[in-house]
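Letter by letter, the chains look like this.
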Amino acid sequence: MFRLALHTPEIPPNTGNVIRLAANTGAELHLVRPLGFSLDDAAVRRAGLDYRDLADVVVHTGTEAFAEWVTDRGARVFAFTTDARTRYTDVAYVPGDMLLFGRESTGLPPQVGRASWVTDRVALPMRPSNRSLNLANAAAVAVYEAWRQHGFSGT
């Protein structure tokens, strides 16, 4: 299946919603520290409801540990940024691909989005006057596109 990664997320309900998304799509969720909250935070639990036990969640100690993890596995990493030229629908996703999202307030740091271990930077089209989509919504759009390309296998 596909993998989602949240790089230093800040808002507990967003991460809880992405946990729920991962459980319902079969995506593996990777969280890259530092997190702006504790995974025991009531808001994460409330948003994730009882899905935490149904989701495969991997927590990395930082960007270097995450980069090492994806490099060791040869995973393709698609960094979602607002300034990318490639649209997310122009990628032919394969199972095991990592869909990487930045924090809510600032997105991915440039050094992460342009790192050598990132396969490509991709964007969700938006109206030019807007800044970004909600993190959980953007992750949902992306993982469902990747999954759609594979006939929603596993359903």
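Note that this is a predicted model, so its numbers are computed, not measured. (Residues numbered from 1 in each chain as written. Predicted model: local features only at pLDDT ≥ 70, side-chain atom pairs only at ≥ 80, totals over all residues. Heavy atoms only, no water.)

### Some details on the UniProt feature "binding site: S-adenosyl-L-methionine" (unreviewed entry) in the protein chain
What counts is decided by this rule: UniProt positions are given in the numbering used here, feature names are shortened, and annotations may be inferred rather than shown by experiment. Space inside and on the surface of the protein is sampled on a 1 Å grid over the protein atoms alone, with a cavity defined as a set of points where a 1.4 Å probe fits but cannot get out and a pocket as an open set with protein on both sides within 12 Å along at least 5 of 7 lines; lining residues have an atom within 4 Å of a point. Elements are defined by DSSP. Helices are runs of H or I of four residues or more, strands are runs of E of two residues or more, and each kind is numbered from the N terminus. Any two residues having at least one pair of non-hydrogen atoms within 4.5 Å are treated as being in contact.
Using the residue numbers shown here, the UniProt feature "binding site: S-adenosyl-L-methionine" (unreviewed entry) corresponds to Gly102, Leu124 and Ser132. The named residues occupy 31 residues along the chain; their greatest pairwise C-alpha distance, 13.5 Å, places them in one compact cluster. Of the annotated set, the members that line the largest pocket are Gly102, Leu124 and Ser132. Within the secondary structure layout, Gly102 lies in the loop between strand E6 (98–101) and helix H4 (110–113). Not counting residues up to four positions away in its chain, the partners in contact with Gly102 are His7, Gly107, Leu108 and Leu135. Mapped onto the elements, Leu124 comes out in the loop between strand E7 (120–123) and helix H5 (135–148). Those residues in contact with Leu124 that lie beyond four places of it in its chain are Phe80, Tyr88, Leu133, Ala138 and Val141.

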